[in-house]
Amino acid sequence: MSAAFRKAAKARQRPHRERAQPAARTKLGLLEKKKDYRLRARDYHKKQNALRALQKKALDKNPDEFYFKMIRSEVKDGVHVIKQPKDEITPEQMKLMRTQDIKYVEMKRVAEAKKIERLKAELHLLDAAGSAAGQHLFFVDTEREVQEFDLAAHLDTVPELVDRVYNRPTIATLQREAVKGPTDPAHLKKLAQQRKNQYDLLRQRIEREKAMFVISQKIQTRKDLLDKTHKVKVKKETTTGPAIYKFKFQRKR
């Protein structure tokens, strides 16, 4: 009850307002308030305590003391930085690591190659974008036959199917059997888009398989360089192939 009474009494109090900087002292900036003084005093005492701790540490220091950070750290741009330890790896261990890397890359490359073969078996690369245009040559005897040559009649099909490179039935087949599969333009457009997506996926997988092959060659080259045999660099490394070295011939016992 008393707490509620004090709270109600404070509600009727006049708000406490600290005076501002007098007009004659305006050039000195804002007048420091109690909260500003507390922040400044706390920062000052914190710095003084740190200085006293450093002075005590310097007075108590043993000139013969040693700890490993003295040799495991260095100063760079005025900041102490811990030296990174070097990994101690023997040449045999390094060769084994390279071998494991090659095996992993080869495993992924073989898996990618199998996926490529499956996609090729499904698509047959008949109307792939960028594929070489096929040529179909017809031989005639006279110039008149060349002028009067009718491609649809020669292929025994309707003119609408002449441009097809696959699934081009003859007129007899069309008369004997009904047209199978979708015929409406919307469905055909959808199928064409799906086929294009499949070809794009195939192209990406082929590029990925080639990149993995190059990576495995580069790893094998780095593994061979661990050998102490004298070697001469013949060709520098590129994005599409590893560097080529010529090793000195050594007769094996």
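Just above, that's the structure.
In this text, all values refer to a predicted model and were calculated from it rather than measured experimentally.

Student: I'd love a proper account of the overall build of the protein, names of residues and values included.
Tutor: Across its full length, the protein carries eight helices and four strands. Start at the N end of the protein and walk to the C end: the helices and strands fall as α-α-α-β-β-α-α-α-α-α-β-β. Carbon and sulfur atoms form 55% of the exposed surface of the protein, whose accessible area is close to 23100 Å².

Student: Provide a residue-level description of the pairing of strand S2 (residues 79–82), including the pertinent values.
Tutor: Pairing geometry for strand S1 (residues 73–76) and S2, over four bridges, is antiparallel. Residue pairing across strands places Val 75 opposite His 80, the latter belonging to S2. Turn length for the S1-S2 hairpin, with the two strands adjacent in sequence and antiparallel, is two residues, and the turn residue Asp 77 shows positive phi of about 55 degrees.

Student: Give me the lowdown on a positive patch on the surface, citing residues and values where you can.
Tutor: On the surface, a cluster of positive charge is contributed by Lys 108, Lys 114, Lys 115 and Arg 118. The residue Arg 118 is located in helix H4 (residues 91–123) in this model.

Student: Can you lay out a nonpolar patch on the surface for me, pointing to particular residues and giving the numbers?
Tutor: A cluster of nonpolar residues, Phe 66, Tyr 67, Phe 68, Met 70 and Ile 71, forms a patch on the protein surface that exposes about 540 Å² of accessible area. Summarising the element assignment, Ile 71 is placed in helix H3 (residues 69–72).

Student: How would you explain the pattern of salt bridges if you had to name every residue and give the values?
Tutor: In this structure the tally under the stated criterion is 12 salt bridges. Two residues, Glu 209 and Arg 109, come together in a salt bridge whose shortest N-O distance is 2.8 Å. Remark: Arg 109 occurs in helix H4 and Glu 209 occurs in helix H8 (residues 185–225); sequence separation between them is 100 residues. A residue is classified by how much of its surface remains accessible, and Arg 109, at 18% relative accessible area, is buried. Of the charged contacts, one joins Arg 208 and Glu 112 as a salt bridge, the two residues approaching to 2.9 Å between their closest N and O atoms. Placement of Arg 208 in helix H8 and of Glu 112 in helix H4 is noted, with a sequence separation of 96 residues between them.

Student: For the side chain of Thr 221, give the residues involved together with the corresponding values.
Tutor: With respect to the helices, strands and loops of the structure, Thr 221 is situated in helix H8. Ignoring any residue separated from it by four or fewer positions in sequence, one finds Thr 221 in contact with Pro 242, Ala 243 and Tyr 245.

Student: Explain the packing of aromatic side chains to me, using residue names and the numbers behind them.
Tutor: Per the stated rule, a full pass over the model turns up one aromatic pair. The interplanar angle of 70 degrees and the centroid separation of 5.5 Å between the aromatic rings of Phe 66 and Phe 68 together place this pair among those described as edge-to-face.

Student: Residue-level account of the side chain of Ser 216, with values.
Tutor: The residue Ser 216 is located in helix H8 in this model. Separated by 2.7 Å, the side chain of Ser 216 and the backbone oxygen of Phe 213 make a polar contact. Here Ser 216 is in contact with Ile 102, Val 105 and Glu 106, once residues within four sequence places are set aside.

The rules we used
Residues numbered from 1 in each chain as written. Predicted model: local features only at pLDDT ≥ 70, side-chain atom pairs only at ≥ 80, totals over all residues. Heavy atoms only, no water. Helix = DSSP H or I, 4+ residues; strand = E, 2+ residues; numbered from the N terminus. Areas by Shrake-Rupley, 256 points an atom, 1.4 Å probe, with all protein chains shown as cover. Pairing = 2+ DSSP bridges. Patch = residues over 30% accessible without salt bridge, like charges linked within 9 Å, V, L, I, M, F, W, Y side chains within 5 Å. Salt bridge = Lys/Arg side-chain N within 4 Å of Asp/Glu carboxyl O. Lys, Arg positive; Asp, Glu negative; His and termini not counted. Charge placed at Lys NZ, Arg CZ, Asp CG, Glu CD. Buried < 20%, exposed > 50% of the residue type's maximum accessible area, 1.4 Å probe, protein only. Contact = heavy atoms within 4.5 Å. Phe/Tyr/Trp six-rings, centres within 6.5 Å; stacked < 30°, edge-to-face > 60°. Polar contact = N/O pair within 3.5 Å; in protein donor to acceptor, adjacent residues only side chain to side chain.

Any functional reading would require information that these geometric values do not contain.
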